[in-house]
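# Reading the structure
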Amino acid sequence: LAQSLAMETNPRWDPGLWAVVQDRSGKLAAASEQSALEERIRDSIRAGVRQAAGVPRLKHLASKTGVSERTLIRAMRRQNTSFHEIVNDERRSAALAMIQDRGVALTKIATALGFSSQSSFGRTFKTWTGVSPGEYRRRLANGLESSAR
């Protein structure tokens, strides 16, 4: 019985609607693939920071994900982002988490995040929060962290 039903045509079948459904499902699959690629990039950056190995280079990420650097760049562009923006976002998140541990020196945070110096880290941190890393820690200790950006 089931096989005979499978051979029948659907009287309500709409070729136009079918084309729309196929087009939309293809776009959703592509978007999902792009999101997965961006998440793999973010995961690699987070792992490098957590392991104090620093931020991986684009060339390394391309090799790790099995695509060319240009393909990675195009994929990120399609997501309206860039490698630099993703690195900056992940560095900021890691810095804000690490700075809460007063036992971790600011120089260690700067090195772990791949900054060339503590002063470079300090300048970047100030653009993120509006205050220096030391001031941010003082505000955290005083319960004033919400006054920093």
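Reference entry: report on the structure contained in this document. Numbering of residues begins from 1 in every chain and follows the order in which that chain's sequence is written. Given that the model is predicted, a residue must reach a pLDDT of at least 70 before its local features are reported, and side-chain atom pairs must reach 80 or more before they are shown or counted; all residues, however, enter totals for whole chains, interfaces and linings. Side-chain numbers come from the whole structure's heavy atoms, not from hydrogens or water.

### Concerning helix 5 (residues 83-98)
Each turn of an α-helix holds 3.6 residues, which means side chains three or four residues apart point in the same direction. The helix and strand labels rest on DSSP assignments: H or I over at least four residues marks a helix, E over at least two residues marks a strand, and numbering proceeds from the N terminus. An expected span of 1.5 Å times one less than the residue number is assigned to each helix. Helix length check: helix 5 (16 residues) gives 22 Å between terminal C-alpha atoms against 22 Å at 1.5 Å per residue, within 8%. To sort residues, take the accessible area from a 1.4 Å probe on protein chains only and compare it with the maximum for the residue type: under 20% means buried, over 50% means exposed, and anything in between is partly exposed. Turning to helix 5, its buried residues are Phe-83, Ile-86, Val-87, Glu-90, Arg-91, Ala-94, Ala-95 and Leu-96.

### So, a positive patch on the surface
The grouping of Arg-70, Arg-74, Arg-77 and Arg-78 at the surface amounts to a positive patch. Here Arg-78 is to be found in helix 4 (residues 69-78). On the basis of relative accessible area, Arg-78 is assigned to the exposed category, the value being 51%. Each patch is built from salt-bridge-free residues with over 30% relative accessible area, joining like charges within 9 Å and nonpolar side chains (Val, Leu, Ile, Met, Phe, Trp, Tyr) within 5 Å. Note on areas: Shrake-Rupley, 1.4 Å probe, and residue coverage restricted to the protein chains presented here. Put simply, a salt bridge is a Lys or Arg side-chain nitrogen that is within 4 Å of an Asp or Glu carboxyl oxygen. As used throughout, the charge tally considers Lys and Arg to be positive and Asp and Glu to be negative, leaving His and the chain termini uncounted. Every charge is mapped to an atom, namely NZ of Lys, CZ of Arg, CG of Asp or CD of Glu.

### Digging into helix 4
Within helix 4 the residues assigned to the buried category are Leu-72, Ala-75 and Met-76. Down the axis of helix 4, the sector holding all buried residues measures 95°, keeping them to one side. Turned more than 90 degrees away from the buried face of helix 4 sit Arg-77 and Arg-78, all of them exposed. The arc under discussion is defined with respect to the helix axis, by the directions toward the C-beta atoms.

### Some words on the nonpolar core
By nonpolar core is meant a set of buried Ala, Val, Leu, Ile, Met, Phe, Trp, Tyr and Cys residues that side-chain atoms within 4.5 Å join together. Leu-113, Phe-121 and Phe-125 are the most contacted members of the largest nonpolar core, which has 14 residues in total. Counting residues per element, the ones that place at least two in this core are helix 5, helix 6 (106-112) and helix 7 (118-129). Whether two residues are in contact is decided by their heavy atoms, any of which lying within 4.5 Å being enough. When neighbours within four sequence positions are excluded, Phe-125 is seen to be in contact with Ala-95, Leu-96, Ile-99, Gly-130, Val-131, Ser-132, Pro-133 and Tyr-136. One finds Ile-41, Ile-45, Ala-75 and Met-76 within the second-largest nonpolar core, a separate group that totals 13 residues.

### Thoughts on unusual backbone geometry
Although it is not a glycine, Asn-80 adopts a positive phi angle of roughly 60°. Note on placement: Asn-80 falls in the loop between helix 4 and helix 5.

### Some thoughts on the packing of helix 3 (residues 58-65) against helix 4
Note on definitions: angles span 0 to 180 degrees between N-to-C directions of axes, and those axes are lines fitted to C-alpha atoms, for helices only across the stretch in contact. One way to put it is that helix 3 packs onto helix 4 with a least axis distance of 8 Å and a crossing angle of 95°. With respect to their mutual orientation, helix 3 and helix 4 come out roughly perpendicular. Taking contact as the criterion, the partners of Leu-58, Lys-59, Leu-61, Ala-62 and Thr-65 in helix 3 are, on helix 4, Glu-69, Leu-72, Ile-73 and Met-76. Throughout this description, any angle smaller than 35 degrees is read as roughly parallel, any larger than 145 degrees as roughly antiparallel, any in the 65 to 115 degree range as roughly perpendicular, and the remainder as oblique.

### Regarding the layout of surface pockets
Points on a 1 Å grid, built from protein atoms alone, make a cavity when a 1.4 Å probe fits but cannot get out and make a pocket when they are open with protein on both sides within 12 Å along at least 5 of 7 lines; residues with an atom within 4 Å of a point are the lining residues. Grid points are joined across faces, edges and corners, and a volume is the space filled by probe spheres set on the points. Looking at the largest pocket, its volume works out to about 200 Å³. In terms of lining, the largest pocket is formed by Val-55, Pro-56, Arg-57, Leu-58, Phe-83, His-84, Val-87, Asn-88, Arg-91 and Gly-114. The element best represented in the lining of the largest pocket is helix 5, accounting for five residues. Just so you know the grouping, Ala, Val, Leu, Ile, Met, Phe, Trp, Tyr, Cys and Pro go in nonpolar, Asp, Glu, Lys and Arg go in charged, and all remaining residues, Gly too, go in polar. Grouping the constituent residues of the lining of the largest pocket by class yields five nonpolar, three polar and two charged.

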